[in-house]
Structure formats: structure tokens, C-alpha cells
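Spelled out from the first residue to the last, the chains are:
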Amino acid sequence: NAGVTQTPKFQVLKTGQSMTLQCAQDMNHEYMSWYRQDPGMGLRLIHYSVGAGITDQGEVPNGYNVSRSTTEDFPLRLLSAAPSQTSVYFCASRGQANNSPLHFGNGTRLTVT
Amino acid sequence: AQSVTQLGSHVSVSEGALVLLRCNYSSSVPPYLFWYVQYPNQGLQLLLKYTSAATLVKGINGFEAEFKKSETSFHLTKPSAHMSDAAEYFCAILNDYKLSFGAGTTVTVRA
């Protein structure tokens, strides 16, 4: 059981470039989410999905797109990277019960210059 | 909307001393509350969760937290700090079906 796998671990982008952060889980979790972590701000929810084909916006969705074509995968797309998107990004999933704990990946550290 | 506030962004304790991390919540409904720990360069791991079954919740690594409705608090404690407890700790609350996190408290442990 690999849990939640995020790739890449590190990425440097130039302003205006696009890229996709990958997230996959092998626990058959319906709920998946993306957070960004910035110093002093905790984790803020970007987008989430309650099942294949269903996505919704979180607290800070601007500049990011997601899709959920399968239960396992939940990629996060940056369409035109900006320096304000420099952050550590975490993907997390949980089981069906709302109070199930989130399982986190190890993060992607993104720098936009 | 439900939210949590962590008091103190940085706590320094001596090895063997009590660890106390403070979290206050705001919720219009009975809350589901969580504590997570993050070690350097890793994702977050669940320490413990409160789901109304018992007010004193025991977690992993010797941590526990007490839910106090009268104080709207869910403080995390460990009687005796170990060097391996150095990490960042996050309190979180279930908000609809999404998890909202506090700003985090970094714990350093002095030998």
C-alpha cells in the first residue's frame, strides 16, 4: 500500500509557464483534496473532489484547475504560473465518513521565478 | 463556518518537560476536531481526533487532547517531551466535509 503519491517532489517554473502536479492514491478513497502550505498560514484548501467526475473549489482556487476522471488520480494544473504560487502543495485523501482522517502525500515544493 | 485558532506559533520545551499546545475552535455545531503533526519535509500525520465519544482523547506517541466545550478548546499535551517530538503541529476542524487548519505551532525540544 503506497498511500498517497505525489510527483514531482520539487519543481522550478518561470512566470507564465504551466504544469501539472500529479496525485494518486491506492486506498480507494472517494474524497481527495489539494492544499497549499505557506509559512504562518497553515494549510489552505485549493480544490477538492468527493468522487470521480465531481470537483469543487476550496478557499484559494484562483489560478488552479483540477479534474477527477478516475477514483485514483487527482491532478492539479497551474495554467500560468505566478510567483504568488510559490508554495508547498499537498494532496490528501480520506474514506467516505466525513470524520475519517486525511491521508497526506509528502508534498511538492514549487518555486516560481 | 467552523474555524480553529492556534495560540502561539512557536513553543520551546526542555526534554522531559510538559508539552502544551493550545487550540481554540469556533463552531455552531458539535465539532469534529483533529491534531496533525508534520515532520520536516514530510506530509501531515494524524495524531488524534475528537468525534464526541469521549472528551479526553489519546493519540499516538504519548499525546492526548481534552475537549472542553465551556472553553471552546482542544489543547494538545504530552507529559514528557522527547527530542523526536520536534515538529510542526496543526489543529484542524471539519468544516462541512472539508478540513480547515490552524496556522500551526512549531515545537523545538532543548536537550
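Here the structure is a predicted model, which is why all the values come from computation and not from measurement.

Trainee: I tried to follow the packing of aromatic side chains on my own but got confused; where do I start?
Mentor: Aromatic rings considered in pairs are described by the distance between their centres and by the relative angle of their planes. Summed over all chains, the structure comprises 14 aromatic pairs over all chains. Between the aromatic rings of Tyr50 of chain B and Phe67 of chain B, the centroid separation amounts to 4.1 Å while the plane-to-plane angle is 10°, which identifies the pairing as stacked. Note that Tyr50 of chain B is positioned in strand S5 (residues 44-50) and Phe67 of chain B in strand S7 (residues 64-68), a separation of 17 residues in sequence. Here Tyr50 of chain B falls in the buried class, since its relative accessible area comes to 7%. For Phe67 of chain B, a relative accessible area of 9% puts it in the buried group. The ring of Phe74 of chain A is capped by Arg68 of chain A, whose NZ or CZ atom sits 5.9 Å from the centre of that ring.

Trainee: In this structure, what is going on with the pairing of strand S11 (residues 108-112) of chain A? I would like to understand it.
Mentor: The side chains of a regular strand alternate between both faces of the sheet. Residues and elements named next belong to chain A. Side-chain alternation along S11 places Thr108, Leu110 and Val112 on a buried face and Arg109 and Thr111 on a face that remains uncovered. Inspection of the sheet shows strand S2 (residues 10-13) paired to S11 by four bridges, in the parallel sense. When the bridges of S11 are listed, Gln11 appears paired with Leu110. As defined by bridge partners, strand S9 (residues 87-94) adjoins S11 across three bridges and the pair is classed as antiparallel. Counted as the bridge partner of Ser87 is Leu110 from S11.

Trainee: How do you make sense of the state of the cysteines when you look at a structure like this?
Mentor: What is meant by a disulfide is a covalent connection between two cysteines, made through their sulfur atoms. This structure, assessed with the given rule, holds two disulfides over all chains. The disulfide bridge from Cys23 of chain A ends at Cys91 of chain A, spanning 1.9 Å between sulfur atoms. Here the disulfide of Cys23 of chain A and Cys91 of chain A is left-handed, its torsion about the S-S bond being about -70°. Separated by 68 residues along the polypeptide, Cys23 of chain A in strand S3 (residues 19-25) and Cys91 of chain A in strand S9 bring together distant segments of the chain. As far as burial versus exposure is concerned, Cys23 of chain A and Cys91 of chain A are alike and both buried. Paired by a disulfide, Cys23 of chain B and Cys91 of chain B hold their sulfur atoms 2.0 Å apart. Judged by the sign of its S-S torsion, about -60°, the cystine formed by Cys23 of chain B and Cys91 of chain B is left-handed. Here the residue Cys23 of chain B occupies a position in strand S3 (residues 19-26), and Cys91 of chain B occupies one in strand S9 (residues 87-95), the gap between them amounting to 68 residues. For Cys91 of chain B, a relative accessible area of 0% gives the class buried.

Trainee: Where do I start with the interface of chain B and chain A in this structure?
Mentor: By a widespread convention, an interface's size corresponds to the accessible area lost as its parts come together. Residue-level contacts link 20 residues of chain B with 21 residues of chain A. Linking chain B to chain A there are zero salt bridges. At the junction of chain B and chain A, the tally comes to four residue pairs in polar contact (both at pLDDT 80 or more). At the level of secondary structure, the elements contributing two or more residues to the side of chain B that touches chain A comprise strand S4 (33-38), S5, S9 and strand S10 (98-101) of chain B.

Cut-offs and rules
- Residues numbered from 1 in each chain as written.
- Chains lettered and ligands numbered in written order.
- Predicted model: local features only at pLDDT ≥ 70, side-chain atom pairs only at ≥ 80, totals over all residues.
- Heavy atoms only, no water.
- Phe/Tyr/Trp six-rings, centres within 6.5 Å; stacked < 30°, edge-to-face > 60°.
- Helix = DSSP H or I, 4+ residues; strand = E, 2+ residues; numbered from the N terminus.
- Buried < 20%, exposed > 50% of the residue type's maximum accessible area, 1.4 Å probe, protein only.
- Lys NZ or Arg CZ within 6 Å of the ring centre and 35° of its normal.
- Pairing = 2+ DSSP bridges.
- Disulfide = S-S within 2.5 Å.
- Contact = heavy atoms within 4.5 Å.
- Salt bridge = Lys/Arg side-chain N within 4 Å of Asp/Glu carboxyl O.
- Polar contact = N/O pair within 3.5 Å; in protein donor to acceptor, adjacent residues only side chain to side chain.

As far as function goes, none of this settles anything; it's purely spatial.
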